[in-house]
Amino acid sequence: MPKNKIHELVVLGILTGLAVLLSYVFAIQTPFVRITFGFLPIALAGAFYGPWKSGLVGALDNLIGTAVIGTSIFFPGFTLSDFLTGFLFGWFFYHKEIRFPYVCVPFLLVMLLIHLGLNTLWLVLYYDKAASAIFLSRVIKNLLCFPMEVGLFLAVYKAVGKQVIKGLV
């Protein structure tokens, strides 16, 4: 196996492990709202390795987190949501210049389409509750977390991006 492939596999494994830890171990959770930092390794995987591999990191984060740690429910829709989150980050970040206004677009799409759209749908289906009972708290959480997520991603990418990219070349 070439050196670059081994390095890629190791970094993707580390990012998957970090995603599980930040999503399930160090998470603040209620039945309808969960605040985590698990988006960060998934977005970094998207920036370094592209949409398919970061989608896989997102899906594995969900599967491993619910199977091993078990602090949340397993529902296939959430696995799909996590894959799509990683895919979107990879689609927008891979081989692109990472700058502030541009970074807001994928985070906004993930917030609207996945967190407020799909994940709310999965919660409504799973808990058999009215969307109106769930939606408002999710909107507030996402509006508060959006600037924090964008800023944190930019700070971490700036700090570790060059070291990881050096290992890819």
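Residues numbered from 1 in each chain as written. Predicted model: local features only at pLDDT ≥ 70, side-chain atom pairs only at ≥ 80, totals over all residues. Heavy atoms only, no water.

Peer 1: I keep staring at the overall build of the protein and nothing clicks. Help me out?
Peer 2: Counting secondary structure elements, the protein contains six helices and two strands. Reading the helices (α) and strands (β) of the protein from amino to carboxyl end gives α-β-β-α-α-α-α-α. Taken over C-alpha atoms, the radius of gyration comes to 16 Å for the protein, in line with the 15 Å a tight globule of 169 residues would show. By principal-axis analysis of the C-alpha atoms, the protein measures approximately 50 × 35 × 25 Å. Relative to its 169 residues, the protein shows a buried fraction of 44%. Counting only contacts in the protein whose residues sit at least 6 apart along the sequence, the fraction spanning at least 24 positions is 71%. (Helix = DSSP H or I, 4+ residues; strand = E, 2+ residues; numbered from the N terminus. Rg over C-alpha atoms; globule rule 2.2 N^0.38 Å. Buried < 20%, exposed > 50% of the residue type's maximum accessible area, 1.4 Å probe, protein only. Contact = heavy atoms within 4.5 Å.)

Peer 1: I keep staring at the pattern of salt bridges and nothing clicks. Help me out?
Peer 2: Note on pairing: side chains with opposite charge can pair once their charged atoms come close. Evaluation of the coordinates by the stated rule reveals two salt bridges. The partner of Glu-8 in a salt bridge is Lys-53, and the shortest N-O contact between them spans 2.4 Å. Here Lys-53 lies in helix α3 (residues 51–69) and Glu-8 lies in helix α1 (residues 3–25), a separation of 45 residues in the sequence. On the basis of relative accessibility, which here comes to 15%, the residue Glu-8 falls in the buried class. Salt-bridge contacts for Arg-99 lead to Glu-97; the nearest nitrogen and oxygen are separated by 2.6 Å. When sorted by exposure, Arg-99 lands in the same class as Glu-97, which is exposed. (Salt bridge = Lys/Arg side-chain N within 4 Å of Asp/Glu carboxyl O.)

Peer 1: Help me understand the packing of helix α2 (residues 39–49) against helix α4 (residues 76–93) in this model?
Peer 2: Close contact between α2 and α4 brings their axes to 7 Å; oriented N to C, the two are set at 40°. Here α4 runs oblique to α2, going by the angle between their axes. Note on packing geometry: the crossing formed by α2 with α4 is right-handed. Residues Phe-39, Ile-42, Ala-43, Gly-46 and Ala-47 of α2 touch α4, and the partners they reach there are Gly-86, Phe-89, Gly-90 and Phe-93. (Axes fitted to C-alpha atoms, helices over the stretch in contact; angles between N-to-C directions. Parallel < 35°, antiparallel > 145°, perpendicular 65-115°, else oblique. Left-handed = near helix turned anticlockwise from the far one by under 90°.)

Peer 1: In this structure, what is going on with the packing of aromatic side chains? I would like to understand it.
Peer 2: Centre distance and the angle of the planes are the two values used to describe a pair of aromatic rings. Scanning the entire structure with this criterion turns up 18 aromatic pairs. Seen from their ring centres, Phe-75 and Tyr-126 are 5.8 Å apart, and the 75° between their planes marks the pair as edge-to-face. Placement of the pair is Phe-75 in the loop between α3 and α4 and Tyr-126 in helix α5 (residues 100–127), with a sequence separation of 51 residues. Look at Phe-87 and Trp-91: their rings are 6.1 Å apart centre to centre, the planes differ by 25°, and that puts the pair in the stacked class. Separated by four residues within a single helix, Phe-87 and Trp-91 lie in helix α4, roughly one turn from each other. By relative accessible area, which is 53% here, Trp-91 ends up exposed. Through a chain of ring-to-ring contacts, the aromatic side chains of Phe-39, Phe-48, Tyr-49, Phe-89, Phe-93, Phe-107, Phe-153 and Tyr-157 assemble into a single cluster. (Phe/Tyr/Trp six-rings, centres within 6.5 Å; stacked < 30°, edge-to-face > 60°.)

Peer 1: Help me out: how do you make sense of the packing of α2 against α3 in this one?
Peer 2: Two quantities define a packed helix pair, namely the angle between the axes and the distance from one axis to the other. In contact at an axis separation of 7 Å, α2 and α3 are set at 160° when each is read in the N-to-C sense. Between α2 and α3, the angle is such that the two are roughly antiparallel. Viewed along their axes, α2 and α3 form a crossing whose handedness is right-handed. Only Pro-51, Lys-53, Ser-54, Val-57, Gly-58 and Asp-61 of α3 make contact with α2, whose side of the interface consists of Ile-42, Ala-45, Gly-46 and Tyr-49. Taken together, the residues that form the contact of α2 with α3 break down as five nonpolar, three polar and two charged. (Nonpolar A, V, L, I, M, F, W, Y, C, P; charged D, E, K, R; others polar.)

Peer 1: Would you mind going over the side chain of Asn-62 with me for this structure?
Peer 2: Here Asn-62 shows up in helix α3. Asn-62 gets classed as buried once you look at its relative accessible area, which sits at 2%. Ignoring sequence-local partners within four residues, the contact set of Asn-62 consists of Tyr-24, Phe-74, Phe-78, Thr-79 and Asp-82.

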